[in-house]
Structure formats: structure tokens, C-alpha cells
Amino acid sequence: MAETEIAQKLADADHKKKRVGFVSLGCPKATVDSEQVITQLRAEGYDIVPDFDDADMVIINTCGFIDSAVEESLDTISEALHENGRVIVTGCLGAKAEMINQRFPDLLAVTGPHARDEVMQAVHQHLPAPHDPFLDLVPKQGVRLTPRHYAYLKISEGCNHRCSFCIIPSLRGDLVSRPIDEVMDEAQLLVNAGVREILVISQDTSAYGVDCKYATRFWQGQPLRTRFLDLARALGQLGVWVRLHYVYPYPHVDDVIPLMADGSILPYLDIPFQHASKRILKAMKRPGNRDRVLERIVKWREVCRALVIRSTSIVGFPGETDADFEELLDFLEIAQLDRVGCFTYSAVDGATANALPNPVPEALKQERFERFMLKQQTISTQKLQRRVGQQMTVLLESRSEQGYVARSYADAPEIDGLVHIDTDDELPLGEFCRVDISAADEYDVYASLSK
């Protein structure tokens, strides 16, 4: 076939290409779901476009966990219908299909979360696949919504816990773990594609494998059990940063701390403690003993002095008294956690906690939130000040007016702080470099390139 004929066929194929607008809302787990759908769309010849006007159809991956996320999802659906008119809704809010369809009867389809096949069926029905043999643009690691240098690795779906404030199990079901060899194959593809940091995510990362009784699989000749420790150890062989998120504090979490101490994985734990009052934790249907947790934190730091712990807490939970809140503040002071996010309790539709007595007034919730954040800011500032004078390895994120913005091992993307580097040198984005920390505030640190 002549080169001009090939060029014309490619041009014709591009002209006929079906264009899909895609909006991904919510948490990193939803981001992974979006990446899987986008990868399939690209594999079948669809083009992904960034706005509604140029799209033949729009797919919205929604979040339905808290009220503000629901409102954002509903507003986005409304905007897409107004601007485009041909819309498919998927994701956590899509689990409430009856409500969505009643509010937006013109939607093409509504599916729940983690529903790639159902989404693709709806796409095929309303915008048949191009199946273009001339265009094969999908990389082996799939299409990612994150920058090239880091990626989320989802190891399981669903959750076996029934926390009274949470509706995730009703949206995503019980825990279903991915086979460990499949997880490691994906991780290897990511590393081969240039990823420098893998962020392990799930609803309950430390419960990985409990549903399949920790079945043994083989990866590159190694027998690996489908469990938290084996996965962390195997990922540590890949030579990149490995960061653990959403780690429920089971006793076996202790076993991964030595891997952090020896540098196999990042000394970083994301543990959502949620509260410190035994009475409130019981109402939340979460196990927890404040003194035992504090003892474990001390032991973790004895094994790995560099360990960074981030967490989340809920204030204003139904029935929370002044004494309960003071106990939470006391826990913060003793635990000296590096990063803590705080939420005021929100009555999520379908959560059993909504029926609990003695709701906390909104004004008091806000007052407790502000006191909590002030306490944690003081702790975070003090801890970051201790980094002044240290030399650290950082991962370059972007350019800035003063030089570059980067992250250290202590900083997960989008939720933690940043490292601001003052330099005129040209540095490769998405790569590591060494810096000297010269200053800090309550969230970020400031640095210069190491000589």
C-alpha cells in the first residue's frame, strides 16, 4: 500500500473517531476505575476529549460518599446534560440509580462503581465502537489519569467492615482481593513505563487476601501468598517508592514496619484512626483502644525512626461529648502524628449512624473542627521544623516561579505537603534529586539543591 494511501486511511480514521468526554470525581479508588474504562475506550478506538462540546458522549464517574461530593456529582451531571445531552453516569453515586434516573430522566445509562463492562455495554449501545485497525494507541500499562511518574495500584475492591458512618460496603460490596500475581504484573508494567512511585490503595489495604484465605500464587518464579506482608515485600523489589494507603490497624501491620526500616518500602503509613474515645469508636463500630494504639505507635517508631504517620478523624459524631473530644485532642498531643485530616460528621444518606441519639449542633461541630486543626497544625509545624538542616531525596513534580515543587517520602500527592526548591538549574520532572531543607511552615518545607 502506498504511503499516501496509508496516510489518507489514517486521516479518514481519525476523522471518524468517536469522541468521549470523561469526568472522574472522587477518591483514588474511583480514579483507578476511571483509568480502566478509559483504557478500554482507547483500546477500541475511541478518542478521549477534555470538554463537553467536542464529545459525542460524556461519561461521569461520580462520588457518593459525603454530601459535598454528592452535590458536586449532581452538579456535574446537570452541566454535562445541559452542554452535551448524551451522558452516562457511573461510580458510587450511580449505585443509587433510581434517585439519579428520577432527577435526570434523559441519561443514557446509570451504573454503579467498578463497572467497566456495564459502562462499555452502554457506550456500545449509544456510540458503537470504531474498532479501527490503524490506530493502536493504548500502552501496556493502560491509560492513566495521574502524571507519568506516579500511579495508583488498586489491590482489592469493597470492604468487610460496617462502620456506622460509612456506606461504602453498600456501594462497592464486600472485600474482593485481586490475585497477587496479577497485582505484581501490573506493578511491573508501571515501573517499566517509567513510574517512580506506586501508591497502594483499596478500601482496606491491610485486609488484602482475607477473602481468598491468602491463596498462594506464583510471580516470576516466586511463591507469594495473597496477603499484605507478601505484597509489600514483593513491591519492595521493584526499586521504586511504594506508599501504603488506607491501612486498617490490624496487628499484622507491625510486620511491615521492618520493611520500612530497611528501605524496601516508604516509611509512611496512612491509618484512618477516626477517633480516640472508646465510647465513640464503639458507636462508629470500629475497634480501637487508645492506649494500645499509642503503645504500637511507640514500637513502630522504635523499629523505624523515619516513620511518618498520617490519619483522619471525625469530630461531631452523634453523641460526642466535650469529654470525648478532649480525649481526641489528648490523643493528638501524645501520638504526635505527622499529618491528620479532619472532617465534621456528615449525615450520609443510608448510614446507620444517622439514627444515633444526641446529634452535635453544627456550630459546635465547627468549633471542634477548628480547635482540632489548630492543635494538629501546631504539631505538624513542630515536626516539620525538625527537618530543617536535613538532606532528603525528593520526587520532582512541577516547575514554579522560584524553581521546582517536589515531594518527599513524607508527602503523598494531593493530600500532604510539598517541598519547594529554590534553584535556577534545569531538572527533569518526574525524577529524584537530593535537597537540603532550609525552612518549614505548618504544611510545607523549603529547600535548595544539595551540593
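Residues numbered from 1 in each chain as written. Predicted model: local features only at pLDDT ≥ 70, side-chain atom pairs only at ≥ 80, totals over all residues. Heavy atoms only, no water.

A.B. asks: Even after reading the chapter, I still don't get the overall build of the protein chain, so can you show me in this structure?
C.D. replies: Assigned secondary structure in the protein chain consists of 13 helices and 20 strands. Relative to the compact-globule value of 22 Å for 451 residues, the protein chain shows a C-alpha radius of gyration of 23 Å, a close match. Across its three principal axes, the protein chain shows a C-alpha extent of roughly 75 × 60 × 50 Å. Counting over 451 residues, the protein chain shows a buried share of 52%. Long-range contacts, defined here as pairs at least 24 residues apart, represent 73% of the contacts in the protein chain between residues at least 6 apart. Across the protein chain, 49 positive and 67 negative side-chain charges occur, with their mean positions spaced 7 Å apart. (Helix = DSSP H or I, 4+ residues; strand = E, 2+ residues; numbered from the N terminus. Rg over C-alpha atoms; globule rule 2.2 N^0.38 Å. Buried < 20%, exposed > 50% of the residue type's maximum accessible area, 1.4 Å probe, protein only. Contact = heavy atoms within 4.5 Å. Lys, Arg positive; Asp, Glu negative; His and termini not counted. Charge placed at Lys NZ, Arg CZ, Asp CG, Glu CD.)

A.B. asks: Explain the sheet that holds strand β3 (residues 57-62) here, please?
C.D. replies: Each strand in a sheet pairs with its neighbour through backbone hydrogen bonds, running either in the same direction (parallel) or in the opposite one (antiparallel). Judged by pairing direction, the sheet is parallel, and its five strands sit side by side in the order β2-β1-β3-β4-β5 without closing on themselves. Here the strands that pair on one side only, and so sit at the sheet edges, are β2 (47-49) and β5 (109-110). Where strand β4 (residues 87-91) lies against β5, two bridges are found, and the strand directions are parallel. Residue pairing across strands places Val89 opposite Val110, the latter belonging to β5. Where helix α3 (residues 67-83) meets the sheet, its contacts fall on β1 (19-24), β3 and β4, and the angle it forms with β3 comes to roughly 175°. (Pairing = 2+ DSSP bridges. Axes fitted to C-alpha atoms, helices over the stretch in contact; angles between N-to-C directions.)

A.B. asks: Looking at this structure, how should I read the sheet that holds strand β18 (residues 419-422)?
C.D. replies: In space, the five strands of this closed barrel follow the order β16-β17-β18-β20-β19, with mixed pairing throughout. Neighbour to neighbour, the strand axes of the sheet diverge by 50° on average, direction disregarded. Pairing between strand β17 (residues 403-407) and β18: four bridges, direction antiparallel. Bridged to Tyr404 within β18 is Ile421.

A.B. asks: It is not clear to me how the pairing of β3 should be interpreted in this structure. Could you clarify?
C.D. replies: The two faces of a sheet get side chains in turn, since along a regular strand they alternate between them. When you tally the buried positions in β3, you get six out of six residues, the bulk of the element. The alternating pattern of β3 places Met57, Ile59 and Asn61 on one face and Val58, Ile60 and Thr62 on the opposite face, and all of these are buried. Sheet topology places β3 next to β4; five bridges connect them, and they run parallel. Looking across to β4, one finds that Asn61 is bridged to Thr90. This β-α-β element, β3 to α3 to β4, shows right-handed connectivity. (Right-handed = clockwise from strand over helix to strand, strands pointing away.)

A.B. asks: Mind showing me how you'd approach the pattern of salt bridges here?
C.D. replies: Any two side chains of opposite charge can pair, on the condition that their charged atoms come close. What the rule picks out here adds up to 29 salt bridges. With its nearest N and O atoms 2.5 Å apart, the salt bridge here joins Glu197 to Arg407. Of this pair, Glu197 sits in strand β9 (residues 197-201) while Arg407 sits in strand β17, and the two are 210 residues apart along the sequence. Of the two residues, Glu197 and Arg407, neither departs from the other in class, the shared state being buried. Of the charged contacts, one joins Asp254 and Arg296 as a salt bridge, the two residues approaching to 2.8 Å between their closest N and O atoms. Of this pair, Asp254 sits in the loop between β12 (241-244) and α9 (257-261) while Arg296 sits in helix α11 (residues 290-303), and the two are 42 residues apart along the sequence. A single salt-bridge network, built from bridges that share partners, covers Asp33, Lys154, Glu157 and Arg172. (Salt bridge = Lys/Arg side-chain N within 4 Å of Asp/Glu carboxyl O.)

A.B. asks: What am I meant to see in the side chain of Arg296 here?
C.D. replies: Taking relative accessible area as the criterion, Arg296 reaches 8% and is therefore assigned buried. Sequence-distant contacts of Arg296, that is, excluding residues within four places in its chain, are made with Pro249, Tyr250, Pro251, Val253 and Asp254.

A.B. asks: How should helix α7 (residues 180-192) be read in this particular structure?
C.D. replies: Owing to its 3.6 residues per turn, the α-helix brings residues three or four apart onto one side. With 13 residues, α7 extends 18 Å between its outermost C-alpha atoms, agreeing within 8% with the 18 Å of an ideal straight helix rising 1.5 Å per residue. Every buried residue of α7 is listed here: Ile180, Asp181, Val183, Met184, Glu186, Ala187, Leu190 and Val191. Following α7 by one or two positions, Gly194 has its phi on the positive side, about 105°. (Expected span 1.5 Å × (residues − 1).)

A.B. asks: Please clarify how the packing of aromatic side chains should be interpreted in this entry.
C.D. replies: For any two aromatic rings, the description comes down to two numbers: the centre-to-centre distance and the angle of the planes. Throughout the structure, instances matching the rule amount to five aromatic pairs. Summarising the aromatic geometry, the rings of Tyr150 and Tyr152 are spaced 6.2 Å apart at their centres and angled 85° between planes, so their arrangement reads as edge-to-face. An angle of 55° between the planes, with centres 4.9 Å apart, marks the rings of Trp241 and Phe432 as tilted. With Trp241 in strand β12 and Phe432 in strand β19 (residues 432-440), the pair connects residues that are 191 residues apart, well separated along the chain. (Phe/Tyr/Trp six-rings, centres within 6.5 Å; stacked < 30°, edge-to-face > 60°.)

A.B. asks: Honestly, the packing of α7 against helix α8 (residues 228-235) in this entry has me stumped. Any pointers?
C.D. replies: Where α7 meets α8, the closest approach of the two axes is 11 Å, and the angle between their N-to-C directions is 25°. In terms of axis orientation, α7 runs roughly parallel to α8. α7 and α8 meet at a crossing whose hand is right-handed. Here α7 contributes Ile180, Val183, Met184 and Ala187 to the contact with α8, which in turn contributes Asp230, Leu231, Ala234 and Leu235. Partitioned by chemical class, the residues of the contact of α7 with α8 number seven nonpolar, no polar and one charged. (Parallel < 35°, antiparallel > 145°, perpendicular 65-115°, else oblique. Left-handed = near helix turned anticlockwise from the far one by under 90°. Nonpolar A, V, L, I, M, F, W, Y, C, P; charged D, E, K, R; others polar.)

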